Amino acid sequence: MKWSILQAFPAFSPRYLRPFIRFCAHQSALSIGKKLHALILTTGLSTTQNSFLLNTLLHLYAFCGDIPSAQKLFDGIPHLSKDIADWTALMSAFSRQNKPHDALRFFAKMLENGIEIDDVAMVCLFSACAWLRDVGMGSQGHGCVVKMGFEGRVKVCNALMNMYGKCGMVGEMRRVFGEMKEKNVVSWTVVLDGVLKWEDVRSGRLVFDEMPERNEVAWTIMIVGYVGSGFSKEGFLLLSEMVFRWRFKLNYITLCSLLSACAQSGDVVMGRWVHVYGLKMMGMEMDIMVGTAMVDMYAKCGRVDTAVKVFECMPRRNVAAWNAMLSGLAMHGRGRVVVDMFQRMIEEVSPDDLTFIAILSACSHSGLIDQGSYYFDSLESVYGITPKIDHYACMVDLLGRAGRLGEAETLINQMPIPPNEVVLGSLLGSCNSYGKLQLAERVLQKLIEMNPYNTEYHILFSNMYALAGKRDKANALRKVLKTKGIRKIPGMSSIHVDGHVHQFSARDKSHPKTPEIYLMLDDMIQRLRSAGYVPNPASQVFSGSDGIEDNAIDLEEKEQALFSHSEKLAVCFGLLSTKPGTPLYVFKNLRICQDCHAALKIVSKIYNREIVVRDRNRFHCFKQGSCSCCDFW
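Quick caveat, the model's predicted, so the values are computed rather than measured.

1. Quick look at the overall build of the protein
Phase 1 of the analysis: Secondary structure summary: the protein contains 33 helices and six strands in total.
Phase 2 of the analysis: Relative to its full complement of 633 residues, the protein shows a buried share of 49%.
Phase 3 of the analysis: In the protein, the proportion of contacts linking residues at least 24 apart, taken out of those at least 6 apart, comes to 63%.
Phase 4 of the analysis: With an accessible surface of roughly 30,500 Å², the protein has 54% of that area assigned to carbon and sulfur atoms.
Phase 5 of the analysis: Of the side chains in the protein, 71 bear a positive and 63 a negative charge, and the two mean positions are spaced by 2 Å.

As structure tokens, then:
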């Protein structure tokens, strides 16, 4: 039986409850808000005329990210009792919770219901378009901005510029910026981010220097831009200026952004500086996000043992921290360590879908067929996780690497979801490794239907034809690429020395130390041959060089091309520029070829150097004539 609480406690009224619910929303006190909701329902306060309590609760749930509860309340409130703020509260929740499609559908629903669009709705619209990279819908929104006279709303224009920037429309972004009568620091920061992403670091620095005001975000974006582009010294100088001259303190978001940039570029020197700064500012009670970013950074920079030490010292670890550690170990081919560590993990946290991607990847790189199959089969039955496309891709890779291509094809055919490029591309790579030409032809046709402009598939298959003695078919595939104007993605290798990134391509002669590098290369090849190295011409079947047909390249020319692969040039520069015994860390954008893999094993022994190469798929640690992958890659 409902009773009137207003009669017993007159002060307990909607007038006092609404501010308290708003306070709960701003404090993200969802549990207290739910208790108030229950109290309002059981006491009958929700039926009080013009109380607007349900509207206020809608805002609470939307602000706290509980979209199902917010949606249910929204649907239950009569249409005439809802105002624009209620509509935009739910639309904002969709946007904040990374549900851009729902946000766009809700925007369309607002238009259908004749709801007057305000600046909050437009900001949500542009955020959704930016997330989806939907410049078409975003441009229509731009038209609405002009039609409704919102060009003077700074937040709307900032969101519009962000949408254009995320979609690569830098010209449009700059045009909106130029037409703005009022700009704030966010406006400048949005332009800075877009210019750094789509133009270059020099153009970004010009924008940065013109900024009348700079906040922590602007400084961080500029420093990350430098680090990501290989300008480590410039990034260090700017970071020093930010911290020591302008007295900015690096918060956990800034630290994570810097560590992420170091992880992608391989800049461990900057990463170590950030690590030390984090320890000084936070002590051993380091933020869990920062600790996770550090684990990821050290692993991706080739220092996986340091990553393990950081991980073991973390006072608290969530599933993201465990996933970062397992993924790092997987990249380094330490599959058995990953399997053992997983047993520790499940005692501390519950694994998620990313956990099993790391485990399956580790098993694949380490040849742990039985263990990988066990975890894949246990996904749904034991852990309640529905296998996703990435899990199937790992399993296909696992079976393919082991030569069980028939099982891999059967798995693809039995998948409840259509295979994507990653799944089929993995199978094609295995076909290449085991010379399964007929299966490869079937897979290639499907890949071409998905993405006819991916050169990697054509080149891989052309190499397979050439190795099988089908030179005419190999050249025909190459002509298809030329006819379509599609060029091979060049292999690039980089190495960090003295605060600078030195980048090399095959046969590169643009480096200032080119004469010394090629003298070192000649010496290295001589010593390699003396140690038993035999060039593998199969790694140079498809040269990709314009104007030279493959059948016109004789054996000697192929060998010369092999000698000047980008990773060999990077290693030669490293041998020249570092002290004897110093480990070399090379980062390559493509998969390391078989010839370079064989050569670097011998180089590590004759020069007594540890050489760590991060290619597109994993790490290879060459030491004393062997590789950490045990030739299973």
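2. Things to note about empty space enclosed by the protein
Phase 1 of the analysis: All chains considered together, the criterion is met by two cavities of 30 Å³ or more.
Phase 2 of the analysis: Every residue along the wall of the largest cavity is listed here: Glu409, Ile412, Asn413, Leu424, Leu427, Arg442, Val443 and Lys446.
Phase 3 of the analysis: Elements that contribute at least two residues to the lining of the largest cavity include exactly α25 (405-414), α26 (421-434) and α27 (437-450).
Phase 4 of the analysis: Tallied by class, residues from the lining of the largest cavity come to four nonpolar, one polar and three charged.
Phase 5 of the analysis: Here the second largest cavity defines a volume of roughly 50 Å³.
Phase 6 of the analysis: Met161, Asn162, Gly165, Lys166, Val190, Asp193, Gly194 and Lys197 are the residues that line the second largest cavity.
Phase 7 of the analysis: Looking at the lining of the second largest cavity, the elements that each hand over two or more residues are α10 (154-166) and α12 (185-198).

3. Topic: the pairing of strand β5 (residues 619-623)
Phase 1 of the analysis: Pairing analysis gives four bridges linking strand β4 (residues 611-614) to β5, with the strands arranged antiparallel. Within β5, the position partnered with valine 612 by the bridge is cysteine 621.
Phase 2 of the analysis: Hairpin connection of β4 to β5: four residues between the antiparallel strands.
Phase 3 of the analysis: In this structure, β5 lies alongside strand β6 (residues 626-627), joined through two bridges in antiparallel fashion. Bridged to lysine 623 within β6 is serine 626.
Phase 4 of the analysis: What sits between β5 and β6 in their antiparallel hairpin is a turn of two residues, with glutamine 624 showing a positive phi close to 50°.

4. Points about helix α23 (residues 369-383)
Since there are 3.6 residues in each turn of an α-helix, residues three or four apart along the chain are aligned in direction.
Phase 1 of the analysis: Its 15 residues place the ends of α23 20 Å apart at the C-alpha level, agreeing with the 21 Å of an ideal helix rising 1.5 Å per residue.
Phase 2 of the analysis: At aspartate 377, α23 shows its largest kink, close to 40°.
Phase 3 of the analysis: When α23 is considered as a whole, its buried residues turn out to be Ile369, Gly372, Ser373, Tyr375, Phe376, Ser378 and Leu379.
Phase 4 of the analysis: Buried residues belonging to α23 abut α21 (335-348), α22 (353-366), α24 (389-401) and α25.

5. A closer look at the pattern of salt bridges
Phase 1 of the analysis: Evaluation of the coordinates by the stated rule reveals 22 salt bridges.
Phase 2 of the analysis: In this structure, aspartate 305 and arginine 334 form a salt bridge, with 2.9 Å as the shortest nitrogen-oxygen distance. Highlighted residues: aspartate 305 in helix α19 (residues 304-313) and arginine 334 in the loop between α20 (319-331) and α21, separated in sequence by 29 residues.
Phase 3 of the analysis: A relative accessible area of 31% places arginine 334 in the partly exposed class.
Phase 4 of the analysis: Connected through salt bridges with shared partners, the residues Glu172, Arg175 and Glu179 form a single ionic network.

6. Some thoughts on the packing of helix α8 (residues 119-132) against α10
Phase 1 of the analysis: Two elements in contact, α8 and α10, have axes separated by 8 Å at closest approach and are oriented at 10°. One element, α8, and the other, α10, form an angle in the roughly parallel class. Judged by residue contacts, Asp119, Met122, Val123, Phe126, Cys129 and Ala130 of α8 engage Lys155, Val156, Ala159, Leu160, Asn162, Met163 and Lys166 from α10.
Phase 2 of the analysis: Residue classes in the contact of α8 with α10 are distributed as nine nonpolar, one polar and three charged.

7. Section: the sheet that holds β5
Phase 1 of the analysis: Reading across the sheet, the six strands line up as β2-β1-β3-β4-β5-β6 and stay open at both edges, with mixed pairing between neighbours. Looking at which strands have only one partner, the edges of the open sheet turn out to be β2 (500-505) and β6.

8. What about a nonpolar patch on the surface?
Phase 1 of the analysis: A cluster of nonpolar residues, Phe20, Phe23 and Ile32, forms a patch on the protein surface that exposes about 280 Å² of accessible area.
Phase 2 of the analysis: Among the structural elements, isoleucine 32 can be located in helix α3 (residues 30-43).

9. Remarks on the pairing of strand β3 (residues 584-588)
Phase 1 of the analysis: In terms of burial, β3 is largely enclosed, as five of its five residues are buried.
Phase 2 of the analysis: With burial as the criterion, each face of β3 is covered, one bearing Leu584, Val586 and Lys588 and the other bearing Tyr585 and Phe587.
Phase 3 of the analysis: Taken together, the three bridges between strand β1 (residues 492-497) and β3 define a ladder with antiparallel strand orientation. Note that in β3 the partner of serine 493 across the bridge is lysine 588.
Phase 4 of the analysis: In terms of strand pairing, β3 meets β4 through four bridges, oriented parallel. Note on β4: the bridge partner recorded for tyrosine 585 is valine 612.

10. Overview of the environment of arginine 527
Phase 1 of the analysis: Note on placement: arginine 527 falls in helix α30 (residues 514-530).
Phase 2 of the analysis: Residue classification places arginine 527 among the partly exposed residues on the basis of a relative accessible area of 36%.
Phase 3 of the analysis: Residues arginine 527 and isoleucine 602, spaced 75 residues apart in sequence, show a C-alpha to C-alpha distance of 9.3 Å.
Phase 4 of the analysis: If we skip the residues at most four places from it in the chain, arginine 527 touches Ile606 and Tyr607.
Phase 5 of the analysis: A distance of 3.3 Å separates a polar atom in the side chain of arginine 527 from the backbone oxygen of isoleucine 606.

The rules we used
- Residues numbered from 1 in each chain as written.
- Predicted model: local features only at pLDDT ≥ 70, side-chain atom pairs only at ≥ 80, totals over all residues.
- Heavy atoms only, no water.
- Helix = DSSP H or I, 4+ residues; strand = E, 2+ residues; numbered from the N terminus.
- Buried < 20%, exposed > 50% of the residue type's maximum accessible area, 1.4 Å probe, protein only.
- Contact = heavy atoms within 4.5 Å.
- Areas by Shrake-Rupley, 256 points an atom, 1.4 Å probe, with all protein chains shown as cover.
- Lys, Arg positive; Asp, Glu negative; His and termini not counted.
- Charge placed at Lys NZ, Arg CZ, Asp CG, Glu CD.
- 1 Å grid on protein atoms, 1.4 Å probe; cavity = no way out; pocket = protein on both sides within 12 Å on 5 of 7 lines; lining within 4 Å.
- Points joined across faces, edges and corners; volume = space filled by probe spheres on them.
- Nonpolar A, V, L, I, M, F, W, Y, C, P; charged D, E, K, R; others polar.
- Pairing = 2+ DSSP bridges.
- Expected span 1.5 Å × (residues − 1).
- Bend = angle between axes of the 7 residues up to and from the residue.
- Salt bridge = Lys/Arg side-chain N within 4 Å of Asp/Glu carboxyl O.
- Axes fitted to C-alpha atoms, helices over the stretch in contact; angles between N-to-C directions.
- Parallel < 35°, antiparallel > 145°, perpendicular 65-115°, else oblique.
- Patch = residues over 30% accessible without salt bridge, like charges linked within 9 Å, V, L, I, M, F, W, Y side chains within 5 Å.
- Polar contact = N/O pair within 3.5 Å; in protein donor to acceptor, adjacent residues only side chain to side chain.

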